[in-house]
Amino acid sequence: MVKIAPSILSADFGRLAEQVIEAEEAGADWIHVDVMDGSFVPNITIGPAVTEAVRSATALPVDVHLMIENPDQHLSAFADAGADYLTVHQETCVHLHRTIDAIRELGVKPGITLNPATPLNTIEDILSYVDLALVMSVNPGFGGQSFISSSIEKINNLKGLIDQKGLKNLEIQVDGGINLHTAGSAVSAGATVLVAGSAIFGHPKGISEAIRLLRKAVAGEPV
Ligand code: DX5
Ligand code: ZN
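**Q** Before we move on, could you go through the site of ligand 1 and cite the residues and values that matter?
**A** Around ligand 1, a shell composed of 20 residues is seen, among which D34, G144, D175, G197 and S198 lie nearest. Within the side chain of S7, one N or O atom sits 2.8 Å away from an oxygen atom of ligand 1. The side chain of H32 places a nitrogen or oxygen atom 3.4 Å from an oxygen atom of ligand 1. Protein chains shield 100% of the accessible area of ligand 1, which is 380 Å² for the free molecule. When contributions to the shell around ligand 1 are tallied by element, the ones reaching two or more residues are strand 2 (31-36), strand 3 (62-67) and strand 8 (193-196).

Structure follows, in structure tokens:
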């Protein structure tokens, strides 16, 4: 079954634990934590302390997306904060293999991601070393942006590469602009984990209803 990973970027930070618990009770599979440094991306968000607060609020896997320069300097802090997955951007890692190795050494599952304009072949050689490959379907930095439609072809091509290499357990995650209209095609293209921020935490009918509708949309049922 497709996994749903609500991104807390769009949550009410004053009631963060409560909202994470609500997402878990509504059937979320992972909790996605967006870390931004104001340098690699224009926005500044959260760090290890908030990650630790999320870890304490839920039994779900905590999926940390590092949108930061020099991620190597901060890997152990996020591992100590309780991250289950640590995903780094290809664009921020000169020695990507070393970084991925360091994440695994910390006992955390490594993930790799790339910006919409970065070609897929830049991560091809690292795929057999990671547990997750994330296709960014918006330019990272903010929630609530529109899905870039060429991401569908990228997901499809990534799935082709993964199948060709026989990497059966590698998750294909998509992040950015996922909602009732875009989720289905992302899954048809091969996505196994959907990150959604504004479509879940910003839904007018609340978190539980948003997750229920997203599941229906993925199943191809009318919503
Ligand atoms: C964007 C972040 C996303 C963001 C997605 O840079 O990586 O995880 O929270 O937000 P939505 O789902 O609103 O596009
Ligand atoms: Zn993200």
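**Q** Outline the environment of I178, listing residues and values.
**A** When you line up the elements, I178 lands in the loop between strand 7 (171-175) and helix 6 (183-189). Taking relative accessible area as the criterion, I178 reaches 5% and is therefore assigned buried. C-alpha separation for the pair I178 and A196, spaced 18 residues apart in sequence, amounts to 5.5 Å. Discounting chain neighbours no more than four positions away, the residues touching I178 are F147, A183, A186, L194, V195, A196 and A199.

**Q** Help me get a handle on the coordination of the zinc ion (ligand 2), residues and values and all.
**A** Protein ligation of the zinc ion (ligand 2) involves H32 (NE2), D34 (OD), H65 (ND1) and D175 (OD), the donor distances falling in the range 2.0 to 2.3 Å. Its 6 donor atoms give the zinc ion (ligand 2) angles of 70 to 170° at the centre, a pattern that matches the octahedral case.

**Q** I'd like to hear about helix 8 (residues 207-218), residue by residue, with values.
**A** Relative to the 16 Å expected for 12 residues at 1.5 Å per residue, helix 8 spans 17 Å between its end C-alpha atoms, a close match to the ideal helical length. Listing the buried residues of helix 8 in full gives I207, A210, I211, L213, L214 and A217. The arc that holds the buried residues of helix 8, viewed along the axis, is 165°, so those residues lie on one side. Next to the buried residues of helix 8 lie strand 1 (3-6), helix 1 (16-25), helix 6, strand 8 and helix 7 (198-201). Phi turns positive one or two residues past the end of helix 8, at G220, with a value near 80°.

**Q** Account for the pattern of salt bridges, naming residues and giving values.
**A** Oppositely charged side chains may form a pair once their charged atoms are brought near each other. Under the counting rule described, the total for this entry stands at 8 salt bridges. In this structure, E171 engages K3 in a salt bridge whose closest nitrogen and oxygen atoms are separated by 2.8 Å. Of this pair, E171 sits in strand 7 while K3 sits in strand 1, and the two are 168 residues apart along the sequence. Exposure remark for K3: the relative accessible area of 23% places this residue in the partly exposed category. Residues D163 and K159 are paired through a salt bridge, measuring 3.1 Å at the closest nitrogen-oxygen approach.

**Q** Account for the packing of aromatic side chains, with residues named and values stated.
**A** In total, this model carries 1 aromatic pair according to the counting rule given. Ring geometry for W30 against Y85: centres 4.3 Å apart, planes inclined by 25°, an arrangement best described as stacked. Taken as a pair, W30 in the loop between helix 1 and strand 2 and Y85 in strand 4 (residues 85-89) lie far apart in primary sequence, 55 residues in all. What makes W30 buried here is its relative accessible area of 3%.

**Q** I'd like a rundown of the pairing of strand 7, residues and numbers included.
**A** Taking burial as the measure, the 5 residues of strand 7 include 5 buried ones, the bulk of the element. Neither face of strand 7 is exposed, since E171, Q173 and D175 on one face and I172 and V174 on the opposite face are all buried. Following the backbone out of strand 6 (residues 132-136), through helix 5 (residues 151-165) and into the adjacent parallel strand 7, one traces a crossover that is right-handed.

Cut-offs and rules
- Residues numbered from 1 in each chain as written.
- Chains lettered and ligands numbered in written order.
- Predicted model: local features only at pLDDT ≥ 70, side-chain atom pairs only at ≥ 80, totals over all residues.
- Heavy atoms only, no water.
- Near = heavy atom within 4 Å.
- Polar contact = N/O pair within 3.5 Å; in protein donor to acceptor, adjacent residues only side chain to side chain.
- Areas by Shrake-Rupley, 256 points an atom, 1.4 Å probe, with all protein chains shown as cover.
- Helix = DSSP H or I, 4+ residues; strand = E, 2+ residues; numbered from the N terminus.
- Buried < 20%, exposed > 50% of the residue type's maximum accessible area, 1.4 Å probe, protein only.
- Contact = heavy atoms within 4.5 Å.
- Donors = N, O, S within 2.8 Å, 3.2 Å for Na, K, Ca; no water.
- Tetrahedral: all angles 85-135°; square planar, octahedral: opposite > 155°, others 65-115°.
- Expected span 1.5 Å × (residues − 1).
- Arc of directions from axis to C-beta.
- Salt bridge = Lys/Arg side-chain N within 4 Å of Asp/Glu carboxyl O.
- Phe/Tyr/Trp six-rings, centres within 6.5 Å; stacked < 30°, edge-to-face > 60°.
- Right-handed = clockwise from strand over helix to strand, strands pointing away.

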